[in-house]
Amino acid sequence: MIHLRQAVVVEGKYDKIRLSALVDGPILVTNGFRIFKNREQLALLRRLARQDGILILTDSDAAGFKIRNYIKSAVPNGRIYHAYIPEILGKEARKDHPSKEGTLGVEGMDLQILAAALQKSGVLFAEGPKKNPVTRMDFYENSLSGRPDSSQKRLSLLRELPHYLSAAALLEAVNALMSREDFLRLLDRLDAAGPQEKYPRGGGCYAACFFHFFVSVPACFAGSILPVPPTDALRSPVGDFP
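Residues numbered from 1 in each chain as written. Predicted model: local features only at pLDDT ≥ 70, side-chain atom pairs only at ≥ 80, totals over all residues. Heavy atoms only, no water.

Student: For this particular structure, what's the right way to read the packing of aromatic side chains?
Tutor: Pairs of aromatic rings are described using the distance from one ring centre to the other and the angle between the two planes. Here the structure, examined in full by the defined rule, presents three aromatic pairs. Pairing Phe-65 with Tyr-84 gives two aromatic rings, centres 6.1 Å apart and planes at 25 degrees, and the pair type is stacked. Here Tyr-84 lies in the loop between strand E6 (80–82) and helix H4 (111–120) and Phe-65 lies in helix H3 (residues 62–74), a separation of 19 residues in the sequence. Members of the aromatic cluster, each reached through a chain of ring pairs, are Phe-33, Phe-36 and Tyr-70. Note that Arg-68 overlies the ring of Phe-65, its terminal NZ or CZ placed 5.8 Å from the centroid. The ring of Tyr-14 carries Arg-94 above its face, with NZ or CZ at 3.8 Å from the centroid. (Phe/Tyr/Trp six-rings, centres within 6.5 Å; stacked < 30°, edge-to-face > 60°. Helix = DSSP H or I, 4+ residues; strand = E, 2+ residues; numbered from the N terminus. Lys NZ or Arg CZ within 6 Å of the ring centre and 35° of its normal.)

Student: Looking at this structure, how should I read the sheet that holds strand E2 (residues 7–10)?
Tutor: Hydrogen bonds between backbone groups are what pair the strands of a sheet, and the pairing can be parallel or antiparallel. Spatially, E4-E2-E5-E6 is the arrangement adopted by the four strands of the open sheet, whose pairing is parallel. Edge strands, defined here as strands with exactly one partner in the open sheet, are strand E4 (27–29) and E6. Between one strand and the next, the sheet's axes are offset by a mean angle of 30 degrees, whatever the strand orientation. Across three bridges, E2 lies against E4 in parallel orientation. The partner of Val-9 across the bridge, within E4, is Leu-28. The sheet contacts of helix H2 (residues 39–51) involve E2, E4 and strand E5 (54–56), and relative to E4 the element is tilted by about 150 degrees. (Pairing = 2+ DSSP bridges. Axes fitted to C-alpha atoms, helices over the stretch in contact; angles between N-to-C directions. Contact = heavy atoms within 4.5 Å.)

Student: Looking at this model, I keep getting lost on the environment of Gly-102. Mind explaining?
Tutor: By the secondary structure assignment, Gly-102 is in the loop between E6 and H4. Owing to a relative accessible area of 19%, Gly-102 belongs among the buried residues under this scheme. Measuring from C-alpha to C-alpha, the distance between Gly-102 and Glu-87 comes to 9.2 Å, with 15 residues separating the pair along the chain. Those residues in contact with Gly-102 that sit more than four places away from it in its chain are Ile-88, Leu-89 and Gly-90. (Buried < 20%, exposed > 50% of the residue type's maximum accessible area, 1.4 Å probe, protein only.)

In structure tokens, the structure reads:
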């Protein structure tokens, strides 16, 4: 596996699935042109660009370059790296017909080609076994999903965000913004917190606290001051869960 500090931005869920076989790190999906109207996702990309940088890996067709250029203009500050795949004629196995331009996208690329594209982008990476991310089971065990009151524990996000952030979207944001160790330390801090800190504004629980500590104010715990990320509304390719 290739370990990346930078978040990789791809167009679709099948691109993410393909790249996940090669990259150990946050992979964010624009869902095609939906990025143009997704303010929360753009806010997350701006924060990640300032924090460690982002790496854009879109298809080498007109749509891919349109998305790439839009992100460049919408994220004026921070570091943006670019990885380009070659124009190879062909059709992905899952599709009945080739793309409009008849070329393969990221999902159809050989892993060696993708690795070469990442190397040419200028990002620094190391190879090794896959790291331990925050999982759906972590969310379940901490009542962030799958419990009768899980959705209510995320309701206070509506007071902070213009859109509802599902458990799947929150899980993806957590993995993009912190390590599993940081996540577990934060839960320990929240468990030890008083009612006013643990339940800001009289409602919600962990989901609100993530953004209370990581969005509203700089978070400081375990002797480390963490950067303050924004929020996002990305959808997880594995789908939502309660």
